[in-house]
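Commentary on secondary and tertiary structure
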Amino acid sequence: MEEMLIHATSNLPRFLRSASSNFRIIAAHYDSSSKSNSIPFHQLTDTGPNAPPTLLVLGSEGSGLRKLVKEACSFSIAVLPRPKSAHSLHGEEEQQQEGDTTDLDSLNVSVTAALLLNHLLSPPSSSFSSSS
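Residues numbered from 1 in each chain as written. Predicted model: local features only at pLDDT ≥ 70, side-chain atom pairs only at ≥ 80, totals over all residues. Heavy atoms only, no water.

Moving on to the overall build of the protein. The secondary structure content of the protein amounts to three helices and four strands. Counting from the amino terminus, helix and strand elements in the protein follow one another as α-β-β-β-α-β-α. Here the protein, with 132 residues, has 28% of them falling under the buried criterion. A separation of at least 24 residues holds for 76% of the contacts in the protein among residues at least 6 apart in sequence. Element-wise, carbon and sulfur atoms account for 51% of the exposed surface of the protein, whose accessible area totals about 10,000 Å². (Helix = DSSP H or I, 4+ residues; strand = E, 2+ residues; numbered from the N terminus. Buried < 20%, exposed > 50% of the residue type's maximum accessible area, 1.4 Å probe, protein only. Contact = heavy atoms within 4.5 Å. Areas by Shrake-Rupley, 256 points an atom, 1.4 Å probe, with all protein chains shown as cover.)

So this is what it looks like as structure tokens:
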């Protein structure tokens, strides 16, 4: 059985800054903007059992992370929406318009946590493959 420590703090930015020497601190957010300087979460390659100790910071579903919390993190990753027109229901490739994204405004924070924890705990894959 695995165990983990849970901490509470009254000043999250200060706590994160104090932890930065022992952890990589990842700010996670849902982003459909092409202007974000965050990397898409699936491009994070330092994952799996040999990954460095990590603190994952998730914002609220409505307003996300506060500015001081984001600044206290090592870097940020984005949970990006899947394009609306990537594939039709019949498997045919469809044309994608620039800026065309899903109708989702955000993901439930528990769904986001599940996606990210699965990715962070899984060994890195050598490449994505697709069948023709």
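The next subject is the pattern of salt bridges. A complete count under the given rule lists one salt bridge for this structure. A salt bridge links Glu71 to Lys67, with the shortest nitrogen-to-oxygen separation between them at 3.9 Å. A residue pair is termed a helical-turn pair when its members lie 3 or 4 positions apart in one helix, as Glu71 and Lys67 do in helix H2 (residues 67–72) at four residues. (Salt bridge = Lys/Arg side-chain N within 4 Å of Asp/Glu carboxyl O.)

Before going further, it helps to examine the side chain of Arg24. With respect to the secondary-structure elements, Arg24 resides in strand E1 (residues 24–30). Within polar-contact distance, the side chain of Arg24 engages the backbone oxygen of Asp46 at 2.7 Å. In this structure Arg24 touches Leu44, Asp46, Ala51, Pro52, Pro53, Thr54, Leu55, Ser74, Phe75 and Leu120, once residues within four positions along its chain are discounted. (Polar contact = N/O pair within 3.5 Å; in protein donor to acceptor, adjacent residues only side chain to side chain.)

In this model, helix H3 (residues 109–121) (13 residues) spans 18 Å end to end at C-alpha, consistent with the 18 Å of a helix rising 1.5 Å per residue. For H3, every residue scored as buried is listed here: Thr112, Ala113, Leu116 and Leu120. All buried residues of H3 fall inside an arc of 100° around its axis, so they share one side. Exposed residues pointing more than 90 degrees away from the buried face of H3 are listed as Asn118 and Leu121. (Expected span 1.5 Å × (residues − 1). Arc of directions from axis to C-beta.)

A few words now on helix H1 (residues 12–19). Pro13, Leu16 and Ala19 are the residues of H1 that are buried. One face of H1 carries all of its buried residues, which in axial projection span an arc of 130°. The outward face of H1, more than 90 degrees from its buried face, is lined by the exposed residues Arg14 and Ser18. Against E1, strand E3 (54–58) and H2 lie the buried residues of H1. With a side-chain oxygen positioned 3.1 Å from the backbone nitrogen of Arg14, the residue opening H1 is Asn11.

Purely spatial values, then, with no claim about function.
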